[in-house]
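# Structural description and commentary
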Amino acid sequence: MQALVQAMADVFSGSVLVFDAANEKAVKLMLKTWLKDAEIKDVGAYFAISAATREINA
């Protein structure tokens, strides 16, 4: 993930990257509701963040 973000920073210098993250409970709820309602069936993987300050450093 770090390499991807660095490559994006290199290509899009001067830009700002913004993302949103959800905890495991929110991701499971999204899989049951939003993805089902949108009829999206090809999600092979997902990720969640439980402790952002520990998992994502500066």
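Bear in mind that the values here come from a model prediction, so they are computed numbers and not experimental data.

### Regarding the overall build of the protein chain
Looking only at helices and strands, one finds four helices and zero strands in the protein chain. For the protein chain, the succession of helices and strands along the chain, N to C, is α-α-α-α. Relative to the compact-globule value of 10 Å for 58 residues, the protein chain shows a C-alpha radius of gyration of 15 Å, a clear excess of over 25%. Considering only C-alpha atoms, the protein chain reaches an extent of 35 × 25 × 20 Å along its principal axes. For the protein chain, the residues scored as buried account for 7% of the 58 residues in total. Accessible area for the protein chain stands at about 5500 Å²; split by element, carbon and sulfur atoms hold 58% of it. Placing the 6 positive and 7 negative side-chain charges of the protein chain at their respective mean positions leaves the two points 12 Å apart.

### A look at the environment of Val 11
Looking at the secondary structure, you find Val 11 in helix H1 (residues 2-11). The exposed category is assigned to Val 11, whose relative accessible area is 60%. A C-alpha to C-alpha distance of 31 Å links Val 11 and Leu 35, two positions 24 residues apart in sequence.

### Points about the confidence of the model for the protein chain
Taken as a whole, the protein chain shows an average pLDDT of 81; of its residues, 93% reach a score of 70 or greater. At the level of individual helices and strands, the protein chain shows its lowest average pLDDT in helix H4 (residues 52-55), which scores 72, and its highest in H1, which scores 89.

### Thoughts on the pattern of salt bridges
One pass over the full model with this rule turns up one salt bridge. Glu 24 serves as the salt-bridge partner of Lys 28, at 3.4 Å between the closest nitrogen and oxygen. A residue pair is termed a helical-turn pair when its members lie 3 or 4 positions apart in one helix, as Lys 28 and Glu 24 do in helix H2 (residues 24-32) at four residues. The class for Lys 28 is partly exposed, based on a relative accessible area of 41%. Residue Glu 24 is classed as partly exposed on the basis of its relative accessible area, which comes to 41%.

Calculation notes
- Residues numbered from 1 in each chain as written.
- Predicted model: local features only at pLDDT ≥ 70, side-chain atom pairs only at ≥ 80, totals over all residues.
- Heavy atoms only, no water.
- Helix = DSSP H or I, 4+ residues; strand = E, 2+ residues; numbered from the N terminus.
- Rg over C-alpha atoms; globule rule 2.2 N^0.38 Å.
- Buried < 20%, exposed > 50% of the residue type's maximum accessible area, 1.4 Å probe, protein only.
- Areas by Shrake-Rupley, 256 points an atom, 1.4 Å probe, with all protein chains shown as cover.
- Lys, Arg positive; Asp, Glu negative; His and termini not counted.
- Charge placed at Lys NZ, Arg CZ, Asp CG, Glu CD.
- pLDDT = per-residue confidence, 0-100.
- Salt bridge = Lys/Arg side-chain N within 4 Å of Asp/Glu carboxyl O.

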